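# Results of the structural survey
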Amino acid sequence: MVIHDLHPRQPVVDPEGMQIVAPIEEPNVPDYKFVLSHQKVELDIDFSTQSLTGKVELIILPQTKELNVIKIDARQCSILGGKVLVNGVVADFDFEDPMEALNISDHLLWGASQYDLQRERIKHLTEDTRSKGTLEINLPRGVRVEEVDPFSENPATQKALAAARASVVDGISGPLSATPTNTPKTAAEQAGRFQPLTITIPFAIKHFRDGLHFIGLAEGDARFPYAYTRHSVDPGMASCIFPCIDDPAMRCTWDITIKCSRTLGDALKKKPLPVRVNLHKPSHHGRGLINGVTNGVKHAEEYQVPLSEEEKLLEMVVVCSGEVMNESIDIEDGSKKIQSFQLSRIVAARHIGFAIGPFEQVDLSEYREDEDGEKLGQGQALQLLGYCLPGRADEVRHSCSPLAHAVDHFTLSFGSYPFSQYSLVFVDDQVRDVEHTASLSLCSTRILYGEDIIDPEIESIRTLVHAIASQWFGVSIVPEERSDRWITIGLSHYMTALYMKHLCGNNEYLFRQKTLSDKLVKLDVDRPSLFSLGETLHLGQFEMDFMELKAPLVLFILDKRIIKASASPGLTRVLAKLVMAANTGQAEESLVSTVGFRRFVEKVTKYRQTEPFWSQWVFGAGCPILNISQKFNKKRNSVEMTISQKQDTIATQRPLKKGFFMREMKEELHGIYAGELQPVFTGPLTIRIHEADGTPYEHIVEIREGVQKIEIPYNTKYKRLKRNKRHKERVTAAPGDHGEGGEDALYYCLGDVLQSPADYAQWQLFDWDRDTEKKMDEESYEWLRVDADFEWLCEKAFTSMPSYMYVSQLQQDRDVVAQQESMKFLTQQSAHPLASTFCVRTVMDSRYFHGIRTMAVQALASHGIAETDYTGSRQLEKVYQEMFCYRGTKTSRPNDFSDKRAYWVECEIPKAMARMRNEDGYCHRDARHFILDMLRFNDNVNNEYSDYHKVSVLLLALAQSLVKGEPSKPAPRASTPTEDMTIQDPQERITDLQRRVSAHVKQQDDLVQKRQEYRESDRQDYPQFKAAALEEIERYRRMDEWVNSYQNIYTTTVLDCKRFLMKEKVIPLEPLDFAQYLHDGTADLVRIKAFECLIDLGFITHKAVASLLLNLLSTDSSPYVRSHLFEVFCLGLAGVAFGENKSSDTTPGAANGEVDLMADSAEADALIVQDASTEARKAQIIRTTSIEGALAALKEDLKTDEVLKDALWTAIKSTEIGVPEQQDLLDICSILYDAVESMVVKLRLPRFWGVRKGERKGLLIFKEKNKVRTTPKKPREPPVVVVAKPPRISLPPAPPKPTPLPKVAPPPPAPAVRLSFTTNGGSMKPPKRPISQVERSDVSPAKKQKVINLKIPGQKLMEILRLPPRPSIPRGSQSSSSVRSSPAPKPSPRPSPGFAASPGPSSTISVSPAPVQPSPSASAPVKIRKPLPDSGARKPLPDSSGSTPVRKPLPDVSSRKPLPGAVPKSHAAPTPPVPEKKKFLIKLKTKPAKPPTPPSY
């Protein structure tokens, strides 16, 4: 079974035969001319110098005999000259480190405006580098590509054949494709035809920008020293560690040997200074330094960092991809050990990872359940090991306890694990939470948590389970093309969701899926399609986040549709088949493509409707928005529905958000555009109608049009039971007495609490009025649901569904998704006593899922306002008293988080209370004091769980309660009483009405006065409350300095609170509150948060803050810190682009009071002011609604900030950042500044050198002095200046007697050529030369022109000038000799690759021209020149028999005469001496030219 599609680029068509997706262009196929069979890697890690030395051995299988050059990927390494071997024979190679392009030389005085030049230099690092390896090894003469004898008994030959069959690839094994040139069968035949070649490459790396990260070795870093590999979604990172074929297409088996120190003390011992060795030429080693002694002074410290005696004895542990084979002590150095690993399954170089450090090992297999072990059988249980730094073993045990069960669950459900063991290593500073490598996951310590932490538990487990699932899909099974990444990413997350469903339950699974679906509908606007998104993952983590959101959801609804249509197990069976084929089949079985995967799904599930699904959800973009209207037709006894799709009516101009600015900016720069929005989504849709008898009836309809009209038959023939009758039966029924099939149990399964009259009074509850109950009794069905089986990712809006149907759905539907939809509807409604009643009952009913209860708490926030007389506030306070206080009191009980469902509800209550507003827009007094009391009386002494996150929630709620929001409307007055018609006597009826009206008026007056008094006391209380709240916030900040909270959550929360209050102008702006956390040594999360607060407050325009931010994001040793600080920098740019820090008054002169003067002026002036204000508002709208307008405004605001410009360029020149980071900074430069192609070059003047005798005989020591040499030491012959002119068109020989022709004015001079220096790594743009004219005179009048002076010895020049002419060789033709046959000046030489033409100013070196006269020609046989062809455009040459060497231009004549048959002799005057001038000389290192061959006479 092969799932790799051989022709995946065919157009996709719909069932009617119309093309939906255009055919995709074939990618560029790299031609390696070989395949990789096996690779051996030997590494020696030196912690004291943070360097690496090693050797790699690659076994390749040639595919053609024409393999002469082998290209290997290698970066930031030095390769020993004369040590590269091919089959044991020394081979010549050409290597230039491409990472050197990141370094900008000091002699290039570039700035931020020269970003395009630097971008051109690193282009080869960022573009497709497949089959373009920087290490080019020439096949030695003694090594030939020989064919294999298939009948040979040589073990090496048989092993090569077996490796060829096992490792040949027909696609790719990673995100970036490199489809081979042959089909699988052809590739296997070609690989087996030729003998393998073994390539040995020794190398050394002294400084790491990418690839390997060291921790604990920098000054001030007190962490344990260790190192681990870094990884990325695209190739280029693996070749920074060791030479390899860094292409996911080249998968092979691996042998890895790592040598390192045995103990931490051995690793950190200071080494003697190394001897300088020429790595490209044979070196002559001298006597090295002994014991690290330099100049007779010994180092005071023995170790690189201070270590205790216990720390020195900590053993260094090596964790690597593959299976551990052996471990031994190094024979040459007893302080080192050698550990070997073997990987028998083919993987790409990007999936090889390792970590070395003093790790503690935790056996996670101990948490395997006995039942799972019995199901797996003897010897099938996988060993799981966790590694962490000393002191964190308990956190690893607690965080990873479910992983053994997860591995067993995946093995039993989908197939065996692809490797022999699985390890997890927890490290610091990693950018992403998890990096996936073969049999090893490098995890961040940020996802670890202790057994007393609750909040991050679910998400951390989900992240770790996804790391395991990625071993199946992502490492073992890989995408064929980059655009196919959505399959492996989606399947790994889909597997993770299935396990989390098994672990946490169905309600948690469906609630999360619905939440993510709603989030996707909001985000999937103007985004690329899922298929196209795979090409853009390198832009940033935001693209990966969107793919991780959408891909699993698309597979989720595909699984739903398959199960309903074909009654098959769905995608679980597909996954099992994929895993089985990858584990037992050939290499191509582990490749998946988009079209191939679709066909495989159809084959396994027999579901044939995948083509329209693929075109809409995979190749299309966007999500459907459904508007639904329904009504019951009594005459036809049916429900008539109309479903309209409105996704094409989404507003095109939407306000930009700061959080999305970086994504919008990068997509705009890289030309990433939105995918084609699908106007109509088709497919099956399930409609479920709960009819009058309570029975749900499902109807499956097929949506085919944008406006679909549906008629659904009605089934129930009995009238709906009266609601009051059911209510009475419910109240009188005993608790729990519902019967086995009782309908009341279905009707009132949830939300039937707080039903007594006392509860109505205490909780201020309400019930339906008579009119509403009458309408409910007349309805033919309880409620209906569209997409009841969750087969669409869409937004649904009912236009005519009454609110009581949503309430019935909330209380009677057991599906958590239906309850979620009902709560979403109630949250969006305006304040009403009935809505708050149902929300309170939902919160108090513990049978609801905790997510539904927290949604009900959030909905109550909109009911705790002045318009409802703060009913929701009192109800929430009552909820807290009933659940978390002592009975009958308002005193809260000590924290007890054993019931986690109640914990989530408790954390949501203060958030809702903080959102309640009075008539002035502030949180009313009772609500804000309730939050303050919760914080003050929080008692966590006897709680087994930590309350860090609860306190954080309370602090944020307290800060929000201080901020003014939108004022609420005052409570409406009660309606005036009407006459009581039951009184017969009219006079008594009037008297009774007057009495009741008077009482009503008095009651309303008292109520208004009471509300006014409350409002006044509320205003007076605010200053005291503000002071108390700020003091409480500051107290927790100080507390965190003494006793650190979990991940310093107290400090980060307090910084958020202060930022929020300063931004809303509740407290004065104090930047020092944040600046104190910017210094070195501060925790990473706190430092990032402090920068984020400062930048969000507008300090990106502050020169010192911007310079410090750019300095840290380019020099900090942590990649995680650098990455997040760049996001903070983009956040600041977004604020400037949106004009957040500008004055809100857009009228000119508003700041200095000129507006009042303009208001009193004439009407015309007023119109001018109004027009100016309108233009300003238009500009503000443009910059906040379109990314183009935002970028233009950003450039206009920051183009004059020279400090920011210099700091930005300094950050680009940093030696700490890698390729993606420098590319991001160059993108920022391209936004802010116009590109400048010219530059200034700084040249070093020559210095004087001194010499002295050494100690030994014959030893001379040279030393450079600071004195600058400006004149030559000895006078030299003056250089002869040769004028370089554009080449002339040579003419054939002419007759001896030309006819004199009239003179013609010479053409205008050509513009001078300016030369610009560029260093683009060998590539250059063609020089912009002026177009040379065909007709030019020999001597032009004096004019301004660019002259290049070449220094030629006078004697050599005279020899050249004495040579006789060669009339037998026509001028302009090529000659075998290097001497030209005519003394005419040579054309200007071609510029070197380091030069390029530029229209801007450039540094040039020139002297004034000096004409050179030709020497007299010697006697030579005369040949008759042939006449020129008859042409009206060309002019005959003039008679050159005169003494003047000036050649006259040919006149424009129709008939041409033949030229004379002899060449007259010309006597040229000797060249006058040229006075010597001061010149700057450029010495170019070129290959020596061969001496010219003298002509033979």
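Residues numbered from 1 in each chain as written. Predicted model: local features only at pLDDT ≥ 70, side-chain atom pairs only at ≥ 80, totals over all residues. Heavy atoms only, no water.

A word on the packing of aromatic side chains. Overall, the coordinates contain 35 aromatic pairs when judged by the stated rule. Relative to F597, the ring of W486 lies with its centre 6.4 Å away and its plane at 80°, an arrangement referred to as edge-to-face. With a gap of 111 residues between them, W486 in helix α11 (residues 485-504) and F597 in helix α16 (residues 594-605) connect regions that are remote in the sequence. Of the two residues, W486 and F597, both sit in the buried class. Against the face of W792 rests R561, its NZ or CZ located 5.3 Å from the ring centre. Lying across the ring of Y1233, K1205 places its NZ or CZ 5.1 Å from the centre. (Phe/Tyr/Trp six-rings, centres within 6.5 Å; stacked < 30°, edge-to-face > 60°. Helix = DSSP H or I, 4+ residues; strand = E, 2+ residues; numbered from the N terminus. Buried < 20%, exposed > 50% of the residue type's maximum accessible area, 1.4 Å probe, protein only. Lys NZ or Arg CZ within 6 Å of the ring centre and 35° of its normal.)

The next subject is the packing of α16 against helix α17 (residues 610-618). Running from N to C, α16 and α17 cross one another at 140°; their axes reach a closest spacing of 11 Å. Considering the relative orientation of α16 and α17, their crossing is right-handed. In this structure, α16 uses T594, F597, R598, V601 and E602 to contact α17, whose residues at the interface are T610, E611, W614 and V618. Of the residues belonging to the contact of α16 with α17, the class tally is four nonpolar, two polar and three charged. (Axes fitted to C-alpha atoms, helices over the stretch in contact; angles between N-to-C directions. Left-handed = near helix turned anticlockwise from the far one by under 90°. Contact = heavy atoms within 4.5 Å. Nonpolar A, V, L, I, M, F, W, Y, C, P; charged D, E, K, R; others polar.)

Okay, the environment of K71 next. Looking at the secondary structure, you find K71 in strand β5 (residues 69-72). Looking at K71, the relative accessible area reads 31%, which means it is partly exposed. Taking the C-alpha atoms as reference points, K71 and G133, separated by 62 residues in sequence, lie 4.6 Å from one another. Those residues in contact with K71, other than ones at most four positions away along the chain, are F34, S131, K132, G133, L135, E136 and I245.

This brings us to the confidence of the model for the protein chain. Averaged over the protein chain, the pLDDT score is 78; the fraction of residues at 70 or greater is 72%. Across residues 1143-1169, confidence stays below pLDDT 50; counting only partners more than four residues off in sequence or on other chains, it has 15 contacts. (pLDDT = per-residue confidence, 0-100.)

Unlike most non-glycine residues, Q50 shows phi in positive territory, near 55°. Take Q50: it is sitting in the loop between β3 (34-46) and β4 (51-62). Phi is positive for Q76, which is not a glycine, with a value near 45°. Tracing the sequence through the fold places Q76 in the loop between β5 and β6 (78-79).

With that out of the way, let us pick up a nonpolar patch on the surface. A surface patch of nonpolar side chains, amounting to about 470 Å² of accessible area, comprises W1249, V1251, L1260 and F1262. Where the nonpolar patch is concerned, the elements lending two or more residues are β35 (1247-1253) and β36 (1260-1268). Classification of L1260 as partly exposed rests on a relative accessible area of 48%. (Patch = residues over 30% accessible without salt bridge, like charges linked within 9 Å, V, L, I, M, F, W, Y side chains within 5 Å. Areas by Shrake-Rupley, 256 points an atom, 1.4 Å probe, with all protein chains shown as cover. Salt bridge = Lys/Arg side-chain N within 4 Å of Asp/Glu carboxyl O.)

Turning next to a negative patch on the surface. On the surface, a cluster of negative charge is made up of E451, D452, D896 and E944. Looking at the secondary structure, you find D452 in the loop between β24 (440-444) and α10 (457-472). Judged by relative accessible area, D452 falls into the partly exposed class, the value being 30%. (Lys, Arg positive; Asp, Glu negative; His and termini not counted. Charge placed at Lys NZ, Arg CZ, Asp CG, Glu CD.)

By the secondary structure assignment, D1096 is in helix α34 (residues 1084-1096). Looking at D1096, its side chain comes within polar contact range of the side chain of K1063, at 3.0 Å. Residue contacts for D1096: discarding those within four places in its chain leaves K658, R1059 and K1063. (Polar contact = N/O pair within 3.5 Å; in protein donor to acceptor, adjacent residues only side chain to side chain.)

So, about the sheet that holds strand β9 (residues 93-95). Taken together, the three strands give an open sheet; going across it, the order is β5-β11-β9, and neighbouring strands pair in antiparallel fashion. Among the strands making up the open sheet, the edge pair consists of β5 and β9. The mean angle between the axes of side-by-side strands here comes to 15°, regardless of whether they run parallel or antiparallel. Here β5 runs beside strand β11 (residues 135-138); their pairing, made up of four bridges, is antiparallel. For K71, the partnering residue across the bridge sits in β11 and is E136. (Pairing = 2+ DSSP bridges.)

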